[in-house]
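This is what each chain is made of:
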Amino acid sequence: MLLKNVLPITGSVITNLKATCIMALALLVTFAGSPATASELPMGAMAEAPEVSEVLVRKEERRLYLLSGEQVVRSYRIGLGDNPSGHKLFEGDKRTPEGEYVLDWRNPDSDFYKSIHISYPNKQDRELASSWGLDPGGSIMIHGLPNEAGDMAFAFLGLDWTDGCIAVSNEEMDEIWQLVADGTPIRILP
């Protein structure tokens, strides 16, 4: 009531302000005791860059993990293909493959902010697609956001929007680019 007398604020503004404060407080309470995920730790927090022995993707969790042996050293929220459930069967199905592959080469000048190629399709993928008379597709990558995203970059984060690739933020792509060597195995689970 005192605030209304000092400033000409409408009741709806005060209601919105209260709702915003309550939401902010709820977020603070929710996350105050939560440990930070690996990707939330600054690179400088590590004494030296970890040796990444494997990349693990859990599609259902929408998470990509960098492993050093059995230890998770980094973790990232990912976006997948528009049709994320199930193994990629053919070109254009907008699914992200499942199985064991290798990160075999990288492209610093791709249509997306940096990209690292996943060795899909393997022999089994080609045989399965061929048995149906289909092309298995290819060019499955881990990559950042579209180069032309600009001010709309925020709209991609946390959504499934690729044609079958694995997407992260540009900052996270820089980190993955630095930590993951060509030839690193990648395991993609449902």
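Treat the numbers as computed from the prediction; the structure is a model and nothing was measured. (Residues numbered from 1 in each chain as written. Predicted model: local features only at pLDDT ≥ 70, side-chain atom pairs only at ≥ 80, totals over all residues. Heavy atoms only, no water.)

A. Structural detail: helix α3 (residues 123-131). The opening residue of α3 is Asn122, an N-cap whose side-chain oxygen sits 3.1 Å from the backbone nitrogen of Gln124. Phi turns positive, to about 75°, at Gly133, one or two residues after α3. (Polar contact = N/O pair within 3.5 Å; in protein donor to acceptor, adjacent residues only side chain to side chain. Helix = DSSP H or I, 4+ residues; strand = E, 2+ residues; numbered from the N terminus.)

B. Expanded view of the layout of surface pockets. Considering only enclosed or pocket space, the largest pocket measures out at about 360 Å³ in volume. For the largest pocket, the lining is made up of 19 residues, of which Phe112, Gly138, Ser139, Asp163 and Cys165 are closest to its centre. Within the residue set of the lining of the largest pocket, elements represented by two or more residues are β4 (99-107) and β6 (141-143). Within the lining of the largest pocket, the residues separate by chemical class into six nonpolar, nine polar and four charged. (1 Å grid on protein atoms, 1.4 Å probe; cavity = no way out; pocket = protein on both sides within 12 Å on 5 of 7 lines; lining within 4 Å. Points joined across faces, edges and corners; volume = space filled by probe spheres on them. Nonpolar A, V, L, I, M, F, W, Y, C, P; charged D, E, K, R; others polar.)

C. Geometry of the pairing of strand β2 (residues 63-68). The buried fraction of β2 amounts to five of the six residues, a majority that puts the element mostly inside the structure. One ladder, built from five bridges, connects strand β1 (residues 54-58) with β2; its direction is antiparallel. Within β2, the residue paired with Leu56 across the bridge is Tyr65. Hairpin connection from β1 to β2: four residues lie between these consecutive antiparallel strands, with Arg62 at a positive phi of about 55°. Between β2 and strand β3 (residues 71-77), which pair antiparallel one after the other, the connecting turn spans two residues, and Gly69 there sits at a positive phi close to 65°. (Buried < 20%, exposed > 50% of the residue type's maximum accessible area, 1.4 Å probe, protein only. Pairing = 2+ DSSP bridges.)

D. Up close: the environment of Asp109. Residue position: Asp109 is located in the loop between β4 and β5 (115-118). It is 9.6 Å that separates the C-alpha atoms of Asp109 and Asn147, two residues lying 38 residues apart in sequence.

E. Inspection of the pattern of salt bridges at higher detail. Scanning all chains against the criterion turns up 10 salt bridges. A salt bridge links Arg62 to Asp160; the nearest nitrogen and oxygen atoms lie 2.7 Å apart. Here Arg62 is found in the loop between β1 and β2, whereas its partner Asp160 is found in the loop between β6 and β7 (166-167), with 98 residues between them in sequence. Residue Lys123 is joined to Glu127 by a salt bridge in which the shortest nitrogen-to-oxygen separation is 4.0 Å. Here Lys123 pairs with Glu127, and both are found in helix α3, just four residues apart, close to one helical turn. (Salt bridge = Lys/Arg side-chain N within 4 Å of Asp/Glu carboxyl O.)

F. Up close: a nonpolar patch on the surface. On the surface, a nonpolar cluster with roughly 280 Å² of combined accessible area is contributed by Leu128, Trp132 and Leu134. Along the polypeptide, Trp132 turns up in the loop between α3 and β6. (Patch = residues over 30% accessible without salt bridge, like charges linked within 9 Å, V, L, I, M, F, W, Y side chains within 5 Å. Areas by Shrake-Rupley, 256 points an atom, 1.4 Å probe, with all protein chains shown as cover.)

G. Quick peek at the nonpolar core. One finds Val55, Leu64, Leu66, Ile118, Ile166 and Ile186 to be the most contacted residues of the largest nonpolar core, which totals 25 residues. Elements with a minimum of two residues in this core: β1, β2, β3, β4, β5, α4 (170-179) and β8 (184-189). Counting residues per element, this core draws most heavily on α4, which supplies four residues. Apart from the residues within four sequence positions on either side, Ile166 is in contact with Val57, Leu64, Ile78, Gly79, Leu80, Thr96, Ile118, Met141, Ile142, His143, Ile186 and Ile188. (Core = buried A, V, L, I, M, F, W, Y, C linked by side-chain atoms within 4.5 Å. Contact = heavy atoms within 4.5 Å.)

H. Quick look at the sheet that holds β5. In space, the eight strands of this open sheet follow the order β3-β2-β1-β8-β4-β5-β6-β7, with mixed pairing throughout. Looking along the sheet, the strands with just one partner apiece sit at the ends: β3 and β7. Two elements, β4 and β5, share four bridges in a ladder whose sense is antiparallel. When the bridges of β5 are listed, Trp105 appears paired with His117. Sitting on the sheet, α4 touches β2, β3, β4, β5 and β6, and the angle it makes with β3 is about 150°. (Axes fitted to C-alpha atoms, helices over the stretch in contact; angles between N-to-C directions.)

Shape descriptors only; they carry no functional weight alone.
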